Amino acid sequence: VQEEIRDFLDYITHERKYSIHTIGAYSKDLAEFSSYTEESYGLKELQEITHFLIRSWLTEMLKNNIASSTVKRKVSSLKSFYKFLLKRNLIQSNPMDKVVAPKVKKSLPKFVDQVSLDELIDSIQFDASNIKSVQDRLILLVFYHTGIRRAELINLKEKDVDLLTSSLKVMGKGGKERVIPFSSELSKELRIYFDLKKKVKDSVYVFSSQKGGKLYPKYVYNVVNQFLQVVGSASQKSPHILRHSFATNLLSNGADINAIKELLG
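Everything in this summary refers to the structure shown in the same document. (Residues numbered from 1 in each chain as written. Predicted model: local features only at pLDDT ≥ 70, side-chain atom pairs only at ≥ 80, totals over all residues. Heavy atoms only, no water.)

Some remarks on the overall build of the chain
To be explicit about the condition: Going along the chain from the N terminus, every DSSP run of H or I of four or more residues is numbered as a helix, and every run of E of two or more is numbered as a strand. Here the globule rule is a power law, 2.2 Å times the number of residues to the power 0.38, and the radius of gyration is based on C-alpha atoms. Throughout, exposure labels follow a simple rule: accessible area from a 1.4 Å probe, protein chains only, divided by the maximum for the residue type, with under 20% read as buried, over 50% as exposed, and the rest as partly exposed. In what follows, residue pairs with any heavy atoms lying within 4.5 Å of each other are defined as contacts. For every accessible area listed, the method is Shrake-Rupley and the probe measures 1.4 Å; residues are considered covered only by the protein chains on display. Positive residues here are Lys and Arg, negative ones are Asp and Glu, while His and the chain termini are left out of the count. Charge coordinates come from a single atom per side chain, which is NZ of Lys, CZ of Arg, CG of Asp or CD of Glu.
Per the secondary structure count, the chain includes 11 helices and 3 strands. Scanning the chain from its N terminus toward the C terminus, one meets helices and strands in the order α-α-α-α-α-α-α-β-β-β-α-α-α-α. Relative to the globule expectation of 18 Å for 265 residues, the C-alpha radius of gyration of the chain, 26 Å, shows a markedly less compact shape. Relative to its 265 residues, the chain shows a buried fraction of 43%. In the chain, once contacts between residues fewer than 6 apart in sequence are set aside, the share between residues at least 24 apart is 59%. By element, 52% of the accessible surface of the chain is carried by carbon and sulfur atoms, the whole surface being about 15,900 Å². Averaging the locations of the 41 positively and 30 negatively charged side chains of the chain gives two centres separated by 2 Å.

Shown next as structure tokens:
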């Protein structure tokens, strides 16, 4: 088995050019599997390994409280390995055809309740004459009022924001454009921000660096993370949590779930 594993790792390294992290994961998973077949059953030949043995390995891991997501990844590694073996005619049949990966429990998305977010926004101290201070606070407001993704916020241009209709256009995943309405409160904040922005920097982007270029994703994450540090109910402190919060708060206020899905894209 060791020789076939080496051939497979060589294949994904040089022919498929997988990333070093993926190769490392495959290497670890297959080494563990090989050790299990040898130590538990004394097997060293591929032809001796059956789907029953593979299932017993998975069962053993689950009994030892290995996360189902980790076990599922190991199943994926084995599937790729056996697919390679079959392609090279090193085996006649694929035992993985009879192996099913464990279901991964999906945890409910975390969110920050509306009251906590409103209190947070009201408590933010900012300098109304400082563009960075105003912009950072507005980043939080736009996430909160529109539920857009971080990438969508970074790519948002001034021409995409219509203050007359209180709506903005974003290009979502798969190149799908959608229009998102927002509150008069956000419209007022945007108007003030745009007036200030005209005086201090020139950029087509709503939110930009000092030189007018796009913001880095890490910068946006850090801004949100810093604001959410003061919210005790926020177990996770990222832009994505504000997206979940936007959806959850709309749902709590009686919005139709299909309408929410449209807004979120």
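Description of the side chain of Q135
Rules: A 3.5 Å cut-off defines polar contacts: any pair of N or O atoms within that distance qualifies, except that in protein one atom must be a possible hydrogen donor and the other a possible acceptor, and neighbouring residues in sequence count only when both atoms are side-chain atoms.
One can find Q135 in helix 6 (residues 131–146). For Q135, the side chain forms a polar contact with the side chain of Y193, separated by 2.9 Å. Contacts of Q135, omitting those with residues within four sequence positions, involve Y193, K201, V206, F207, S208 and L215.

Digging into helix 11 (residues 257–264)
A distance of 3.1 Å separates the backbone nitrogen of N258 from a side-chain oxygen at the start of helix 11, and that oxygen is part of D256. Trailing helix 11 by a residue or two, G265 shows a phi angle of about 70°, which is positive.

Things to note about the pattern of salt bridges
The test is simple: By definition, a salt bridge exists where a carboxyl oxygen of Asp or Glu is found within 4 Å of a side-chain nitrogen of Lys or Arg.
Applying the stated criterion across every chain yields a total of 11 salt bridges. The closest approach of N and O atoms between K28 and E32, which form a salt bridge, is 2.9 Å. Residue K28 and its partner E32 are both found in helix 2 (residues 20–41); the two are separated by 4 residues, about one turn of the helix. For E152, the salt bridge identified is with R149, shortest N-O distance 2.7 Å. Comparing E152 with R149, the two get one shared label, buried.

A few points about the pairing of strand 3 (residues 177–181)
Test applied: Here, any two strands with at least 2 DSSP bridges between them count as paired.
A one-sided burial pattern is seen for strand 3, the buried positions being R178 and I180 and the unburied ones E177, V179 and P181. Across 5 bridges, the pairing between strand 2 (residues 167–171) and strand 3 is antiparallel. Among the inter-strand pairings, V170 is bridged to a residue of strand 3, identified as R178. The turn linking strand 2 back onto strand 3 is made up of 5 residues, and G174 within it adopts a positive phi angle of 70°.

Here we look at the nonpolar core
Short version of the rule: Residues belong to one nonpolar core when they are buried, are Ala, Val, Leu, Ile, Met, Phe, Trp, Tyr or Cys, and are joined through side-chain atoms within 4.5 Å.
Ranked by internal contacts, the top residues of the largest apolar core, which has 37 residues, are I139, V161 and F207. Listed by contribution, the elements that provide at least two residues to this core are helix 5 (114–123), helix 6, helix 7 (150–154), strand 2, helix 8 (184–200) and helix 9 (217–228). It is helix 6 that contributes the most residues to this core, 9 residues altogether. Sequence-distant contacts of I139, defined by excluding residues within four places in its chain, comprise L153, F207, L215, Y219, V220, V223 and V224. L9, Y26, Y82 and L85 belong to the second-largest nonpolar core, a separate cluster that totals 29 residues.

Observations regarding the packing of helix 2 against helix 4 (residues 68–87)
Put simply, the rule reads: Simply put, an axis is a line fit to the C-alpha atoms, just over the touching stretch for a helix, and the angle between two N-to-C directions goes from 0 to 180 degrees. Working rule for angles: under 35 degrees goes down as roughly parallel, over 145 as roughly antiparallel, 65 to 115 as roughly perpendicular, anything else as oblique. Classification convention: Asp, Glu, Lys, Arg as charged; Ala, Val, Leu, Ile, Met, Phe, Trp, Tyr, Cys, Pro as nonpolar; all other residues, Gly among them, as polar.
Axis separation between helix 2 and helix 4 bottoms out at 9 Å; the angle between their running directions is 90°. The pairing of helix 2 with helix 4 is recorded here as roughly perpendicular in orientation. The segment helix 2 lies against helix 4, with A25, Y26, K28, D29, L30, E32 and F33 engaging R73, K74, S76, S77, L78, S80, F81 and Y82. A breakdown of the residues in the contact of helix 2 with helix 4 according to their chemical character gives 7 nonpolar, 3 polar and 5 charged.

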